[in-house]
Amino acid sequence: MKKTADRSARPLVVADSAIPFLEGVLEPWADVRYLPGIDIGPDDVRHADALIVRTRTRCDRRLLEGSRVRIVATATIGFDHIDTLWCADNGIQVATAAGCNARGVLQWVAAALVHFSRMQGWQPAQKTLGIVGVGHVGSLVQEYAAAWGFRVLCCDPPRQAREHGGFLPLEEVARHADLLTFHVPLAPDTRGMADAGLLRIMKPDAVLLNSSRGEVVDGGALLASGLACALDVWEHEPHIDPDLLARADLATPHIAGYSEQGKATATALAVRAVAQAFGFPLGSWYPPQAAPSAPRAIAWPELRSTITRAFDIATETRRLKSCPDSFELLRNNYNLRREYF
């Protein structure tokens, strides 16, 4: 049944309390209730007109049935936590922040590449980087990695089907890659994509990087494989496998895209979507306290000499490994870094 809006009263917006820059923005036109995303339940949204969420809030029939919600805006690029078909059938608009954190994730990948180059003693021209998923994030990684000197191989079946060229099968990329990085959405065909069979065909000294979704990689198979790895996302977050955490070379609490600019853009896109749905004059709003993104080229030598000051991935790894039960606390209280390329 399609929903109709009651415009006789101020709309009620329920929002994840961990979304930065949001507090006070919508209040001139709406009543806003802030809650931890993982705690938002049916009773909280029954009288809400809009939700602004992150990945911790599962937006489906169980949560939304019987409510008056007409828009769900997620301040994330992924939307596997939203039952989009059910929402469409029930007149609920879904808005995402696609592409918002691409440069933040690029920075995470860059930090990991620099870390492994130092630990293993190589230069980019000596290595092949395989990229699985060449969308907003993967295309940036492809552009910068090629400029840094890596041989780059790409796998993206949907783009291959549309564009008919330029992409290789997953098994071929995995077989030749010295470093294999995943940037795919979570979907039925990507869940468990990096399984035991795929990991077996990788080079024994290869490195696997995952900053997409935890369920894209079979954690048990990765643990058994003995491959070096850098993980930002994990199966069963925030209750992550302690054995895999202990063995991971680099481990961060799902903060790869947590740059100031990425978060500001995500919040801005969510605000603009809600504003458009209810006629609020916020169509071009951007957090005034956040610096805008300033993309630029950066050479490998400069990257090596600057990335640790911008993002010390080894320190973040030690922090998570020392407090594995604080995954969610570390994630929600992460000090947003600034993008500098």
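Residues numbered from 1 in each chain as written. Predicted model: local features only at pLDDT ≥ 70, side-chain atom pairs only at ≥ 80, totals over all residues. Heavy atoms only, no water.

Trainee: Quick question: what am I supposed to make of the sheet that holds strand 10 (residues 228–231) here?
Mentor: Strand pairing in a sheet is mediated by backbone hydrogen bonds. Such pairs are either parallel or antiparallel. Strand order in the open sheet made by the six strands is 7-6-8-9-10-11, with parallel pairing throughout. Looking at which strands have only one partner, the edges of the open sheet turn out to be strand 7 (151–155) and strand 11 (250–251). Pairing between strand 10 and strand 11: two bridges, direction parallel. Along strand 11, the bridge assignment pairs Leu231 with Ala251. Helix-sheet contacts for helix 4 (residues 102–120) involve strand 6 (128–132), strand 8 (179–182), strand 9 (207–210), strand 10 and strand 11, and the interaxial angle to strand 10 is about 155°. (Pairing = 2+ DSSP bridges. Helix = DSSP H or I, 4+ residues; strand = E, 2+ residues; numbered from the N terminus. Contact = heavy atoms within 4.5 Å. Axes fitted to C-alpha atoms, helices over the stretch in contact; angles between N-to-C directions.)

Trainee: How should helix 13 (residues 313–322) be read in this particular structure?
Mentor: Every α-helix winds through 3.6 residues per turn, so residues three or four apart in the chain are directed the same way. Regarding helix 13, the residues found buried are Ile313, Glu316, Thr317 and Leu320. Considered in projection along helix 13, the buried side chains sweep an arc of 105° and stay on one side of the axis. Away from its buried face by more than 90 degrees, helix 13 exposes Arg318 and Ser322. In this structure, the buried side of helix 13 is in contact with helix 4, helix 10 (242–247), strand 11 and helix 14 (327–332). (Buried < 20%, exposed > 50% of the residue type's maximum accessible area, 1.4 Å probe, protein only. Arc of directions from axis to C-beta.)

Trainee: For this particular structure, what's the right way to read helix 12 (residues 300–310)?
Mentor: Buried residues of helix 12: Trp300, Leu303, Thr306 and Ile307, and no others. Burial along helix 12 is one-sided: seen end-on, the buried residues are contained in an arc of 130°. Across helix 12 from its buried face, at more than 90 degrees, point the exposed residues Pro301 and Arg309. Elements that come into contact with the buried residues of helix 12 comprise helix 4 and helix 5 (136–148).

Trainee: How do you make sense of the pattern of salt bridges when you look at a structure like this?
Mentor: Think of it this way: side chains of opposite charge can pair up when their charged atoms draw near. Using the criterion set out here, one finds 15 salt bridges in the structure. The partner of Asp43 in a salt bridge is Arg46, and the shortest N-O contact between them spans 2.7 Å. Arg319 is the salt-bridge partner of Glu316, the closest N and O atoms lying 2.9 Å from each other. One end of the pair is Glu316 and the other is Arg319, both in helix 13 and three residues apart, which spans about a single turn. Since its relative accessible area comes to 15%, Glu316 is described here as buried. It is possible to trace a salt-bridge network through shared partners that takes in Arg56, Glu237 and Glu328. (Salt bridge = Lys/Arg side-chain N within 4 Å of Asp/Glu carboxyl O.)

Trainee: Help me out: how do you make sense of the environment of His176 in this one?
Mentor: Note on placement: His176 falls in helix 7 (residues 170–176). For His176, a relative accessible area of 35% puts it in the partly exposed group. Measuring from C-alpha to C-alpha, the distance between His176 and Ile201 comes to 9.1 Å, with 25 residues separating the pair along the chain. In this structure His176 touches Thr128, Leu153 and Lys203, once residues within four positions along its chain are discounted.

Trainee: Honestly, the state of the cysteines in this entry has me stumped. Any pointers?
Mentor: Joining two cysteines, a disulfide is a covalent bond between their sulfur atoms. One pass over the full model with this rule turns up zero disulfides. No disulfide involves Cys59; its sulfur sits 6.8 Å from that of Cys87, the nearest cysteine. With no disulfide of its own, Cys154 lies 8.9 Å from the sulfur of Cys155, the closest cysteine sulfur. Given a relative accessible area of 4%, Cys154 falls into the buried group. (Disulfide = S-S within 2.5 Å.)

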